[in-house]
Amino acid sequence: NAGVMQNPRHLVRRRGQEARLRCSPMKGHSHVYWYRQLPEEGLKFMVYLQKENIIDESGMPKERFSAEFPKEGPSILRIQQVVRGDSAAYFCASSPNVPKRTNPGLGPGANVLTFGAGSRLTVL
Amino acid sequence: AQSVTQLDSHVSVSEGTPVLLRCNYSSSYSPSLFWYVQHPNKGLQLLLKYTSAATLVKGINGFEAEFKKSETSFHLTKPSAHMSDAAEYFCVVSGHARGYNKLIFGAGTRLAVHP
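The rules we used
- Residues numbered from 1 in each chain as written.
- Chains lettered and ligands numbered in written order.
- Predicted model: local features only at pLDDT ≥ 70, side-chain atom pairs only at ≥ 80, totals over all residues.
- Heavy atoms only, no water.
- Pairing = 2+ DSSP bridges.
- Helix = DSSP H or I, 4+ residues; strand = E, 2+ residues; numbered from the N terminus.
- Axes fitted to C-alpha atoms, helices over the stretch in contact; angles between N-to-C directions.
- Disulfide = S-S within 2.5 Å.
- Buried < 20%, exposed > 50% of the residue type's maximum accessible area, 1.4 Å probe, protein only.

Participant: How should I be thinking about the sheet that holds strand β8 (residues 75-79) of chain A in this particular structure?
Facilitator: Strand pairing in a sheet relies on backbone hydrogen bonds. The paired strands run either parallel or antiparallel. All names here are of chain A. Read from one edge of the open sheet, four strands run β1-β3-β8-β7, paired in antiparallel fashion. A strand with exactly one partner marks an edge of an open sheet, and here the two such strands are β1 (5-7) and β7 (65-68). Here the strands of the sheet are splayed against their neighbours by 15° on average, with no regard to which way each runs. With four bridges joining them, β7 and β8 adopt antiparallel strand pairing. If you follow glutamate 68 over to β8, its bridge partner there is isoleucine 76.

Participant: Honestly, the state of the cysteines in this entry has me stumped. Any pointers?
Facilitator: As used in these notes, a disulfide is a covalent bond between sulfur atoms, one from each of two cysteines. Tallied over the entire structure, the rule returns two disulfides over all chains. For Cys23(A), the disulfide goes to Cys92(A), at an S-S distance of 1.8 Å. Across the S-S bond linking Cys23(A) and Cys92(A), the dihedral sits near -60°, which makes this disulfide left-handed. Of the two residues, Cys23(A) is situated in strand β3 (residues 19-24) and Cys92(A) in strand β9 (residues 88-95); the sequence distance between them amounts to 69 residues. A residue is classified by how much of its surface remains accessible, and Cys92(A), at 0% relative accessible area, is buried. Between the sulfur of Cys23(B) and that of Cys91(B) lies a disulfide, 2.0 Å long from S to S. Residues Cys23(B) and Cys91(B) are joined by a disulfide whose S-S torsion is about -65°; by sign, that bridge is left-handed. With a gap of 68 residues between them, Cys23(B) in strand β4 (residues 23-26) and Cys91(B) in strand β10 (residues 87-97) connect regions that are remote in the sequence.

None of this, on its own, says anything about what the molecule does.
Set out below in structure tokens:
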């Protein structure tokens, strides 16, 4: 089991160019999450996708950022017209299913996410 | 809403001495809590998780954490630090968003281990 595979590991772009980051989830996982880690900060949720569906994109900037998870192939995080502030590590995680809530008063079950090694974007 | 606060941005210990990384959480219901470790230029590795079973959770590499509801804390400890423990540690709470696992990360604690 190869785990969550992200590529490229490192990407350098000039301002105004496009960046495409790819994520192949673990075998058998159909849920993908993207997180961004700015320098000296923790990870911030960006988007949650299932196959062919965006479930929650509340953490995505409204402009220039988009994500997809097609029926075939990896999930793609796309950043158009990159700016220096986009320089960060972008982590992908996957999980096999949505945890079930057996009691509305309790939180969701802790289905563990498996993270990739990240893609480090540098914008010059 | 859920949130997590890591009380120390940097912790420095000597090899062989105990490690304590502090974390407080906020949650409107019984949370799921995790500790992840990130070595330089590497991905994240799960150390341990709490999911409303035993309050003392044992993880990998000798780490453990205790869930204390009265203190809303989930501190990470290890009896004896190794040089290889030097890394960034993240306390994480599972957010309640449409029933799925939306993880909310603390800002991280960088652990340095000196000979």
